[in-house]
Amino acid sequence: DTEVTQTPKHLVMGMTNKKSLKCEQHMGHRAMYWYKQKAKKPPELMFVYSYEKLSINESVPSRFSPECPNSSLLNLHLHALQPEDSALYLCASSRPGRGGRYEQYFGPGTRLTVT
Amino acid sequence: AQKITQTQPGMFVQEKEAVTLDCTYDTSDPSYGLFWYKQPSSGEMIFLIYQGSYDQQNATEGRYSLNFQKARKSANLVISASQLGDSAMYFCAMREGSGNTGKLIFGQGTTLQVKP
């Protein structure tokens, strides 16, 4: 089973709202990722967690706050977002593989609209 | 710096024909991994195929094969016997760094449309 789940599928929020995105995997992966993707563009890495510790923050504004409560769960807390933050937010996880391939498995994404 | 280039913004292919999607890369690291992902309009990124820099053989996964030419730094994806469900955006990516948390560097993507 190579399933990564994300909730909600769609989210509309105002600039003063606080909301959270959730990502879950039960594949025993110990690395989890948040990406932001604008239409017709490649995903852009935001955060990486390794063994529940934040290992990479790609200079993401503080209005995005990640959290990894346990090895299966990854959250992204959103506060005071801007309309330009509207995008598809993808979660991914990875495991060591044969020959160190570390392929990332992605969830279906959350389509976020900030009004 | 590592870089991935996909020069074909859009491609058309007739159903049941083969198609090649181009990808070139640039890195000074002797150890790297190359990936292809498919992204349908639904949004999910689907892992297709992997090629390691030290792999002696070209990778194959069902109808997908990777034409790996290390000296030319190219890793083209070949899809044989195209199906209507292959219509999607395709991204080539390279893993930067080692270990389980290596970053993926993505190309700009190629949109493939399969004609019936």
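Located above this text is the structure these notes cover.
The present account deals with the structure reproduced in this document.

Here is what the cut-offs are and how they apply
Residues numbered from 1 in each chain as written. Chains lettered and ligands numbered in written order. Predicted model: local features only at pLDDT ≥ 70, side-chain atom pairs only at ≥ 80, totals over all residues. Heavy atoms only, no water. Helix = DSSP H or I, 4+ residues; strand = E, 2+ residues; numbered from the N terminus. Rg over C-alpha atoms; globule rule 2.2 N^0.38 Å. Buried < 20%, exposed > 50% of the residue type's maximum accessible area, 1.4 Å probe, protein only. Contact = heavy atoms within 4.5 Å. Areas by Shrake-Rupley, 256 points an atom, 1.4 Å probe, with all protein chains shown as cover. Lys, Arg positive; Asp, Glu negative; His and termini not counted. Charge placed at Lys NZ, Arg CZ, Asp CG, Glu CD. Disulfide = S-S within 2.5 Å. Salt bridge = Lys/Arg side-chain N within 4 Å of Asp/Glu carboxyl O. Pairing = 2+ DSSP bridges. Axes fitted to C-alpha atoms, helices over the stretch in contact; angles between N-to-C directions.

Now for the overall build of chain B. A tally of regular secondary structure across chain B gives 0 helices and 12 strands. Written out in order from the N terminus, the α and β elements of chain B read β-β-β-β-β-β-β-β-β-β-β-β. Taken over C-alpha atoms, the radius of gyration comes to 14 Å for chain B, in line with the 13 Å a tight globule of 116 residues would show. Taking the principal axes of the C-alpha coordinates as reference, chain B spans close to 40 × 30 × 25 Å. The buried share of chain B, reckoned over its 116 residues, is 51%. In chain B, the share of contacts with a sequence separation of at least 24, taken over all contacts with a separation of at least 6, comes to 53%. As displayed, chain B offers around 5500 Å² of accessible surface, 48% of which is attributable to carbon and sulfur atoms. Computed over 10 positive and 10 negative side-chain charges, the separation of the two mean positions in chain B equals 3 Å.

The next subject is the state of the cysteines. Tallying each qualifying case throughout the model produces 2 disulfides over all chains. The partner cysteine of A:Cys23 in its disulfide is A:Cys91, sulfur to sulfur 1.9 Å. With the S-S bond torsion at -70°, the cross-link from A:Cys23 to A:Cys91 turns out left-handed. On the criterion of sequence distance, the pair formed by A:Cys23 in strand β3 (residues 18-25) and A:Cys91 in strand β9 (residues 87-94) is long-range, its members being 68 residues apart. Across the pair, A:Cys91 and A:Cys23 agree in class, each one buried. In this model, B:Cys23 is linked to B:Cys92 through a disulfide, with the two sulfur atoms separated by 2.0 Å. Its S-S torsion of approximately -65° makes the covalent link between B:Cys23 and B:Cys92 left-handed. With B:Cys23 in the loop between β3 (19-21) and β4 (24-26) and B:Cys92 in strand β10 (residues 88-96), this pair connects stretches of sequence that are 69 residues apart. Residue classification places B:Cys23 among the buried positions, given a relative accessible area of 0%. Its sulfur unpaired, A:Cys68 is 9.2 Å from the next cysteine sulfur, which belongs to A:Cys23. For A:Cys68, a relative accessible area of 12% translates into the label buried.

Attention shifts here to the pattern of salt bridges. Residues and elements named next belong to chain A. Enumeration according to the criterion identifies 8 salt bridges over all chains in this entry. We note a salt bridge from Arg30 to Glu52, for which the minimum N-O separation is 2.8 Å. Taken together, the positions of Arg30 in the loop between β3 and β4 (31-37) and Glu52 in the loop between β5 (44-50) and β6 (53-57) put the pair 22 residues apart, joining distant regions of the chain. Each member of the salt-bridge network shares a partner with another, and the members are Lys36, Arg63 and Asp85.

Here the focus is the sheet that holds strand β8 (residues 73-79) of chain A. Residue and element names in this part refer to chain A. Pairing within the open sheet is antiparallel, and its 4 strands lie in the order β1-β3-β8-β7. Edge positions in the open sheet fall to β1 (4-7) and β7 (64-70), since each of these has one partner strand only. Between one strand axis and the next, the sheet turns through 20° on average, direction left out of account. Taken together, the 7 bridges between β3 and β8 define a ladder with antiparallel strand orientation. Its bridge partner lying in β8, Leu21 is registered against Leu76.

All we've got here are geometric facts, nothing functional implied.
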